[in-house]
Amino acid sequence: MDVSLALWVLTIAGLCALIGADFLVGRTPHDVSVREAGLWTAVWVVLAALFGLGLLFFSGGQPAGEFFAGYITEKSLSVDNLFVFVLIMGKFAVPSHYQQRVLLVGVLIALVLRAVFIAAGATIVASFSWVFFIFGAFLIWTAWKLVKEARAEQHEDPEFEENRLLKMVEKRVPATDRYHGTRLFITQNGKRLMTPMLVVMLAIGTTDVLFALDSIPAIFGLTQDPYIVFTANAFALMGLRQLYFLIGGLLKKLVHLSYGLSIILGFIGVKLVLHALHEAGVHVPEVSIPVSLGVIVTVLAVTTATSLLATRRAEPDADQAEADTPSSTPDQRIGA
């Protein structure tokens, strides 16, 4: 897909306008209702769909198919990020009415950092075709690692661990021990101090970069067009804030999501290896975009259905176990 500089500028300007509108709507700190989150989630999904249809109309079915496959993949991977975002919010005890501001700025940081990753990835892919072997092997390894982590988390609650960059910032920049509205810095006793608001924003933004290590190679397995890679990532991330408030309470019910994502990553990893072999002159079948899109949608649909079914079956067992647990009498509590 031949993208002119003017189209790049117009696209980035349009995304900035949408981000500005999103910021203005949520500029006043407040608790986000399910209705508000649902409305804005629908808005972002519709905007992504319109963008994809625009690609279909102006550039044809191939770019449009690549965009939708990339968007759905990045969106599904970003849902997995929400688990970590919940842990971060809990660790830093972010008040509920400040969480939307934290997510907005944190996602913006993530988008900028991902743009750097995408630019670097596009340059490498254009120069060295053998890099697809590395990307493919990495995704297959990540898929296996995701399965192992999913099994481990069935027996223990996951915990958020701060990355090195965040630890370095906290160590070198003095910080307050409580929030001061949405302010990032305050001055106390003549000293400029960082507030927990900035710390948690950096935590959200920089933690997402760790997820980008597998999501960026994954989308390059579906398309090598930097424009489509960037826009698919942008639309997937920009609706993440509203999705956090919409399905935050449902995340624990998606018990099979990690398994579904591992299948998707493994599938794309194999697709990348086949593409690398094809580029090297080996006659192997290549997976088309319609097939990729079908596999991704099917895996997500089946994963969601089996997750909800497993959760529904587990609820009566949990209720029965709680009912069978003997409660202590007042005398027993005093004796203890």
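Placed above this text is the structure.
Here the structure is a predicted model, which is why all the values come from computation and not from measurement.

A look at the overall build of the protein
- When helices and strands are counted, the protein shows twelve helices and two strands.
- Scanning the protein from its N terminus toward the C terminus, one meets helices and strands in the order α-α-α-α-α-α-β-β-α-α-α-α-α-α.
- Of all 336 residues assigned to the protein, the portion counted as buried reaches 44%.
- Within the protein, counting contacts between residues at least 6 apart in sequence, those at least 24 apart form 81% of the total.
- Accessible surface, the protein: about 17900 Å² in total, of which carbon and sulfur atoms supply 65%.

Focus: the pairing of strand β1 (residues 185–188)
- As judged from the four bridges shared by β1 and strand β2 (residues 191–194), these two strands associate in the antiparallel manner. In the strand pairing of β2, T187 is matched with R192.
- Here β1 folds back onto β2, and the loop between the two strands holds two residues, one of which, N189, carries a positive phi near 55°.

Brief notes about helix α2 (residues 34–59)
- With 26 residues, α2 extends 37 Å from end C-alpha to end C-alpha; this agrees with the ideal 38 Å at 1.5 Å per step.
- Residues of α2 that are buried: A37, T41, W44, A48, F51, G52 and L55.
- One or two residues past the end of α2 sits G60, with phi positive at roughly 105°.

A few points about the pattern of salt bridges
- Summed over all chains, the structure comprises one salt bridge.
- With a closest N to O distance of 3.1 Å, R114 and E74 form a salt bridge. Here R114 is found in helix α4 (residues 99–127), whereas its partner E74 is found in helix α3 (residues 61–91), with 40 residues between them in sequence.
- On the accessibility criterion, R114 (4% relative accessible area) is buried.

Details of the packing of aromatic side chains
- Summed over the entire model, instances satisfying the criterion amount to twelve aromatic pairs.
- Measuring from centroid to centroid gives 4.9 Å for F57 and F58, while their planes differ by 90°, and the two rings are edge-to-face. An identical accessibility class is assigned to F57 and F58; each is exposed.
- For the ring pair F67 and Y71, a centre distance of 6.0 Å and an interplane angle of 10° mean the geometry is stacked. You can see F67 and its partner Y71 sitting in helix α3, four residues apart, about one turn around the helix.

Quick notes on the packing of helix α1 (residues 5–25) against helix α8 (residues 226–238)
- Two elements in contact, α1 and α8, have axes whose closest approach is 12 Å; the angle formed by their N-to-C orientations is 5°. Taken together, α1 and α8 sit at an angle that is classed as roughly parallel. Touching L7, W8, T11, I12, L15, L18, I19 and D22 of α1 are P226, Y227, F230, T231, A234, F235 and M238, all from α8.
- For the contact of α1 with α8, the class distribution of residues is twelve nonpolar, two polar and one charged.

Here we look at unusual backbone geometry
- A positive phi angle is found at A93, which is not glycine, with a value near 50°.
- Here A93 is to be found in the loop between α3 and α4.
- Accessibility expressed as a relative area gives 55% for A93, which makes it exposed.

Overview of the nonpolar core
- Counting residues in each nonpolar core, the largest one holds 78 residues, and the members touching the most others are F67, F85, I88, F92, V94, V102 and I268.
- For this core, the leading source of residues is helix α7 (residues 196–220), giving twelve residues.
- Beyond its immediate chain neighbours, meaning those up to four positions away, V94 contacts M89, Q99, V102, Y179 and V200.

Details of the side chain of K75
- Assignment of secondary structure puts K75 in helix α3.
- The residues touching K75, leaving out its near neighbours within four places in the chain, are F235, A236, G239, L240 and L243.

Details of the packing of α2 against helix α9 (residues 240–247)
- The interhelical angle for the contact between α2 and α9, taken along N-to-C directions, is 140°, at an axis separation of 8 Å. Taken together, the axes of α2 and α9 are oblique relative to one another. The hand of the α2/α9 crossing is left-handed. Every residue of α9 that contacts α2 at V34, A37, G38, W40, T41 and W44 is listed here: Q242, L243, F245 and L246.
- Considered class by class, the residues forming the contact of α2 with α9 number seven nonpolar, three polar and no charged.

Section: α1
- Under the 1.5 Å per step criterion, the end-to-end length of α1 is 30 Å for 21 residues, consistent within 8% with the ideal 30 Å.
- Taken together, the buried positions of α1 are T11, L15, I19 and D22. For α1, the arc enclosing every buried residue in end-on projection is 70°, short of the 170-degree limit, so these residues lie on one face. Away from its buried face, by an angle of more than 90 degrees, α1 presents the exposed residues L5, A6, V9 and L10.

The rules behind these values
- Residues numbered from 1 in each chain as written.
- Predicted model: local features only at pLDDT ≥ 70, side-chain atom pairs only at ≥ 80, totals over all residues.
- Heavy atoms only, no water.
- Helix = DSSP H or I, 4+ residues; strand = E, 2+ residues; numbered from the N terminus.
- Buried < 20%, exposed > 50% of the residue type's maximum accessible area, 1.4 Å probe, protein only.
- Contact = heavy atoms within 4.5 Å.
- Areas by Shrake-Rupley, 256 points an atom, 1.4 Å probe, with all protein chains shown as cover.
- Pairing = 2+ DSSP bridges.
- Expected span 1.5 Å × (residues − 1).
- Salt bridge = Lys/Arg side-chain N within 4 Å of Asp/Glu carboxyl O.
- Phe/Tyr/Trp six-rings, centres within 6.5 Å; stacked < 30°, edge-to-face > 60°.
- Axes fitted to C-alpha atoms, helices over the stretch in contact; angles between N-to-C directions.
- Parallel < 35°, antiparallel > 145°, perpendicular 65-115°, else oblique.
- Nonpolar A, V, L, I, M, F, W, Y, C, P; charged D, E, K, R; others polar.
- Core = buried A, V, L, I, M, F, W, Y, C linked by side-chain atoms within 4.5 Å.
- Left-handed = near helix turned anticlockwise from the far one by under 90°.
- Arc of directions from axis to C-beta.

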